[in-house]
Amino acid sequence: MMSRSYTNLLDLASGNFPVMGREKERRRFPRVMTVPGNIVELDDEQANSVTSENPSSVAGDRMIIVANLLPLKAKRRPDNKGWSFSWNEDSLLLRVKDGLPEDMEVLYVGSLPVDVDPIEQDDVANYLLEKFKCVPAFLPPSLLAKYYHGFCKKQLWPLFHYMLPFSADHGGRFDRSMWEAYVSANKMFSQKVIEVLNPEDDFVWIHDYHLMVLPTFLRRRFVRLRMGFFLHSPFPSSEIYRSLPVREEILKALLNSDLIGFHTFDYARHFLSCCSRMLGLEYQSKRGYIGLEYYGRTVGIKIMPVGIHMGHIESVIRQADKELKVEELKRQFEGKTVLLGVDDMDIFKGINLKLLAFEHMLKQHPNWQGRAVLVQIANPARGKGIELEEIQSEIEDSCKRINKEFGRPGYEPIVFMHRPLSISERMAYYTIAECVVVTAVRDGMNLTPYEYIICRQGISGAETGSDLVGPKKSMLVVSEFIGCSPSLSGAIRVNPWNVESTAEAMNESISMSESEKELRHEKHYRYVSTHDVAFWSRSFLQDMERTCADHFRKRCWGIGLGFGFRVVALDPNFRKLSIDDIVAAYCRSKSRAILLDYDGTLMPQNLIIKTPSPQVLSLLNSLCADPKNLVFMVSGRGRESLNRWFFPCRKLGLAAEHGYFVRWPQNEEWETYGQGSEFGWMQMAEPVMKSYTEATDGSGIERKESALAKEMLDHLESVLANEPVAVKSGQYIVEVKPQACVIKALLLCPFIGVSKGTVAEKVFTSMTENGKQADFVLCIGDDRSDEDMFELMGTAVSRRILSYNTEVFACTVGQKPSKAKYYLDDSSEVVAMLESLAEATDSPVTSDEEDVGFPRKIGDKSNGFLRLTQLLLSSLSPIKGVEYPEGNVLSLAEAYSQTELSSYDGRRCLMAKDGP
């Protein structure tokens, strides 16, 4: 019986581990509470996951969007009695619904930008739910201060923008109380989501770094909830992120989502690197989708930059035109070339670097003095801190100095506006600007260039001569450290720290020919107009649906303490191997194949001495003695070790180095199932591996005949790019080994790799060729390399390698996600199971002559090989589009002498040993 995990995350966040008590009686709640409020009864001490037993009140799926702030504006009524609410048209989240299906209901969960008195909270919550479909989370001011202004803005925000807390005044030290407030606030958000959630029908989409641990709270309740997370800020490299004291807690919480989204590949790559280095997880890319295997669940990774809302921008342009703002600005800057900067007052926006670059441009290109104007709009800061005051003072000093040096009557080179501007004013400035300059030293996305491009395009269908008809040309100078940079291929990218190169980029942008500006603008507009916010949200929903498709197919359990909680998802047919069932099947069968892994299967992984015990050798001899059995030890170890250890087991088949070398029962010779014995690549690989082992304490090189046993992976792959070898990582090892075969002649054949799966395929094929097709198969292993064998078990019948009547027992060691259908808990259970089979084994055969003829070698010519070769060669015809070099057409005798028989995917293939 699985033990119940303690789940009070707030206690665990503070390091307190209270004694577990009895589980409280669980209370059920309807899908939508008519009276909003905190759900005290749904305390995190209840560890069981629950599902709604109430019928859905809404037909079809719903989307619940969760963010720190609701997309609302709020202000106190003039009579000071109650509140007035309206949609915040500038909010990105408000536009997400444009990409969702029309019949999909959208609910918003988040906090309000104002402090509502506790007496008014119920009335406000009811009103917002009814009128706006918004569910507010009312955070107490003391909690908000530590959660938002504390942990979010003083810990996560600087760290995610590559600012380390070197001192208390620079970035701020980690404060455990702020972390506890962050966890507490996330818990309050989760309670509000639970109030309106129907886990069978709803999608939950969580936004940004404020709510990075929310997925764990929700996943605890609903193991099959369809949930996505999108990070709107950068994700730092692992070297930066690893400095965060709660690094693993946040990673594990994010992995409780089904889909995790990032703006750029760099951000996603950094996240995957953190998962690899800190959690030991490796990602896979299948059919263009990136996924992390996490306890049987596939967590999808989505890379998609967000866009803007075209309709909203165009409506604002019309409003600016009505207010004559564009006309007014054109008069103000008549005869001037305007460069524009629009940034938040933030230490990462690089505003002062932009001013210094503009100053340098005026010095280096004096022809722009009196003509070029930099308009810098600084939106009010979102956070607080000493750094903001310092950077604001520095910016103001730079503006005064530059204006004093280059200014003259009627000309002010820098126009600095540190005040809130309406969106229509901002669009008017975009319309008259010749170039927009973004010099942020680190930014998540930054949509300023996108808005500028749309404004410069104008509105289609507007009357000629109207301000609504844009100039249809634009120039951008953008920092290479912002998220939108990769999508703007026509922009001039700069390193903002290099003031001189940024100054030259500014000069180039405003000096460029009109035709070039138009071409670049057209390219940008085509991308921005098609990749808008609706495209982004639609794409994210589609990927979330795909990732969650098998939620209800698997059996899921929630296990783990605190933020170590995770969902283990197993195949519904995955169960413990019954000894009685396998013994009964064993006794019924007449031709058996038994494939055993060694380390971690017959021998516990944690033992230092790996020599097989007398008990294991006795068991193997008992099983091998039965004439109905073909027993193989399939190991990653070298053939010298296997020869030495299993010398007493003469009838045991051995496959060394994952099947590269095979020794058949009662045969002294080892066969090679690779491309040959060319190992010159070892001389190239070994120095690379040696350089890493010298720098890595506790590592070493195990020299094998076919493989040399993660930073090293990339190095090796580049060094060996043109060699016929594969570089792979395994459990605690990095291997370089030959590709199994390279087909060069006569037949176009799929690539075949050396693996334990190919060993199993060879064993089954050889038994069939000798008239003893297996009707009982036992395959046991414990790690990733054994999954190749298990995968083969699942397809062997359809590929006719095994018959439909074959009883297959693919078994992994340990209850974990696997392609096997059965499991045993540890190596002691494996040995006990084999003992049961040994007891049911027939009397040993005393003479080699009584052997039923299991093959000693694949491709034995006495097994009709010549006839098969003749049929294959006679069926060959010239392949369209393929030219065979002169002199390379082989006669039947020559082909027979240069080929060997192998199999892949149930078909026979000819492989040339020598020649093209």
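Structure: see above.
Here we summarise the structure given alongside this text. (Residues numbered from 1 in each chain as written. Predicted model: local features only at pLDDT ≥ 70, side-chain atom pairs only at ≥ 80, totals over all residues. Heavy atoms only, no water.)

Quick look at the side chain of Ser 257
Then comes step 1: Positionally, Ser 257 belongs in the loop between α8 (247-254) and β8 (259-262).
Then comes step 2: Apart from the residues within four sequence positions on either side, Ser 257 is in contact with Pro 215, Arg 219, Met 227, Phe 229, Arg 297 and Val 299. (Helix = DSSP H or I, 4+ residues; strand = E, 2+ residues; numbered from the N terminus. Contact = heavy atoms within 4.5 Å.)

Looking at helix α9 (residues 265-279)
Then comes step 1: Helix length check: α9, at 15 residues, gives a terminal C-alpha distance of 20 Å against a target of 21 Å (1.5 Å per residue), a fit within 8%.
Then comes step 2: Listing the buried residues of α9 in full gives Tyr 267, Ala 268, His 270, Phe 271, Leu 272, Cys 274, Cys 275, Ser 276 and Met 278.
Then comes step 3: If you follow the buried residues of α9, they end up packed against α7 (238-241), α8, β8, β9 (283-286), β10 (289-294) and β11 (297-303).
Then comes step 4: Among the residues trailing α9, Gly 280 stands out with phi positive, at a value near 75°. (Expected span 1.5 Å × (residues − 1). Buried < 20%, exposed > 50% of the residue type's maximum accessible area, 1.4 Å probe, protein only.)

What about the pattern of salt bridges?
Two side chains that carry opposite charge are able to pair once their charged atoms sit near each other.
Then comes step 1: Counting across every chain of the model gives 36 salt bridges.
Then comes step 2: The partner of Arg 520 in a salt bridge is Glu 516, with the nearest N and O atoms 2.9 Å apart. Of this pair, Arg 520 and Glu 516 are both found in helix α17 (residues 514-530), 4 residues apart, which corresponds to roughly one turn of the helix.
Then comes step 3: Overall, Glu 516 belongs to the partly exposed group, its relative accessible area being 28%.
Then comes step 4: Linking Glu 807 and Arg 588 is a salt bridge whose minimum nitrogen-to-oxygen distance equals 2.8 Å.
Then comes step 5: By relative accessible area, which is 53% here, Arg 588 ends up exposed.
Then comes step 6: Each of Glu 434, Arg 456, Lys 473, Glu 514 and Lys 517 takes part in one network of salt bridges that share partners. (Salt bridge = Lys/Arg side-chain N within 4 Å of Asp/Glu carboxyl O.)

A look at the pairing of β8
Then comes step 1: Neither face of β8 is open: one carries Leu 259 and Gly 261, the other Ile 260 and Phe 262, and all of them are buried.
Then comes step 2: Here strand β7 (residues 226-230) pairs with β8 via 3 bridges, running parallel. Looking at the pairing, Phe 230 lines up with Gly 261 of β8.
Then comes step 3: In terms of strand pairing, β8 meets β11 through 4 bridges, oriented parallel. Each residue of the ladder has a partner; that of Leu 259, found in β11, is Gly 300. (Pairing = 2+ DSSP bridges.)

Some details on a negative patch on the surface
Then comes step 1: On the surface, a cluster of negative charge is made up of Glu 389, Glu 390, Glu 394, Glu 396 and Asp 397.
Then comes step 2: Here Glu 390 is to be found in helix α13 (residues 386-406). (Patch = residues over 30% accessible without salt bridge, like charges linked within 9 Å, V, L, I, M, F, W, Y side chains within 5 Å. Areas by Shrake-Rupley, 256 points an atom, 1.4 Å probe, with all protein chains shown as cover. Lys, Arg positive; Asp, Glu negative; His and termini not counted. Charge placed at Lys NZ, Arg CZ, Asp CG, Glu CD.)

Let's talk about the sheet that holds β7
Then comes step 1: In space, the 9 strands of this open sheet follow the order β5-β4-β1-β6-β7-β8-β11-β10-β9, with mixed pairing throughout. Edge positions in the sheet fall to β5 (134-136) and β9, since each has one partner strand and no second. The average angle at which neighbouring strand axes cross in this sheet is 25°, direction not considered.
Then comes step 2: The pairing of β9 with β10 spans 4 bridges and is antiparallel. The partner of Gln 284 across the bridge, within β10, is Gly 291. (Axes fitted to C-alpha atoms, helices over the stretch in contact; angles between N-to-C directions.)

Digging into the sheet that holds strand β14 (residues 414-417)
Then comes step 1: Taken in spatial order, the 6 strands of this open sheet run β14-β13-β12-β15-β16-β17, and their pairing is parallel. The sheet is open, and its two borders are formed by β14 and β17 (492-494), each paired with just one other strand. Across the sheet, the mean angle from the axis of one strand to that of its neighbour is 20°, orientation sign disregarded.
Then comes step 2: Along the sheet face, helix α12 (residues 351-364) touches β12 (337-344), β13 (372-379), β14 and β15 (435-438) and points at about 175° away from the line of β13.

Here we look at the packing of aromatic side chains
Then comes step 1: Inspection of every chain in the model, using the stated rule, returns 35 aromatic pairs.
Then comes step 2: For the pair Trp 179 and Tyr 182, a centre-to-centre distance of 5.9 Å together with 20° between the ring planes defines the contact as stacked. Placement of both Trp 179 and Tyr 182 in helix α5 (residues 176-196) is noted, with a separation of 3 residues, approximately one turn of the helix. Comparing Trp 179 with Tyr 182 shows no difference in burial state: the two are buried.
Then comes step 3: Three or more aromatic residues link up through ring pairs in this structure, and these residues are Tyr 147, Phe 151, Phe 174, Trp 179, Tyr 182, Phe 189, Phe 217 and Phe 563. (Phe/Tyr/Trp six-rings, centres within 6.5 Å; stacked < 30°, edge-to-face > 60°.)

Concerning the nonpolar core
Then comes step 1: Phe 235 and Phe 271 are the most contacted members of the largest nonpolar core, which totals 179 residues.
Then comes step 2: With 11 residues, α5 is the single largest residue contributor to this core.
Then comes step 3: Residue contacts for Phe 271: discarding those within four places in its chain leaves Phe 235, Leu 251, Leu 254, Leu 255, Ile 260, Phe 262, Leu 292 and Ile 301.
Then comes step 4: The next biggest cluster of nonpolar side chains, apart from the first, holds 43 residues, and it includes Ile 582, Met 633, Phe 809 and Leu 834. (Core = buried A, V, L, I, M, F, W, Y, C linked by side-chain atoms within 4.5 Å.)

Observations concerning the side chain of Thr 812
Then comes step 1: Turning to its location among the elements, Thr 812 is positioned in strand β29 (residues 807-813).
Then comes step 2: Residue class for Thr 812 comes out buried when judged on its relative accessible area of 0%.
Then comes step 3: Those residues in contact with Thr 812, other than ones at most four positions away along the chain, are Phe 574, Gly 781, Asp 782, Phe 790, Ser 818, Ala 820, Tyr 822, Tyr 823 and Leu 824.

A word on the environment of Ser 818
Then comes step 1: Mapped onto the elements of the fold, Ser 818 is located in the loop between β29 and β30 (822-824).
Then comes step 2: In this structure Ser 818 comes out as buried when scored by relative accessible area, which is 18%.
Then comes step 3: A polar contact is formed between the side chain of Ser 818 and the side chain of Glu 787, at a distance of 2.8 Å.
Then comes step 4: Within the structure, Ser 818 has its side chain in polar contact with the backbone nitrogen of Ala 820 (distance 3.0 Å). (Polar contact = N/O pair within 3.5 Å; in protein donor to acceptor, adjacent residues only side chain to side chain.)

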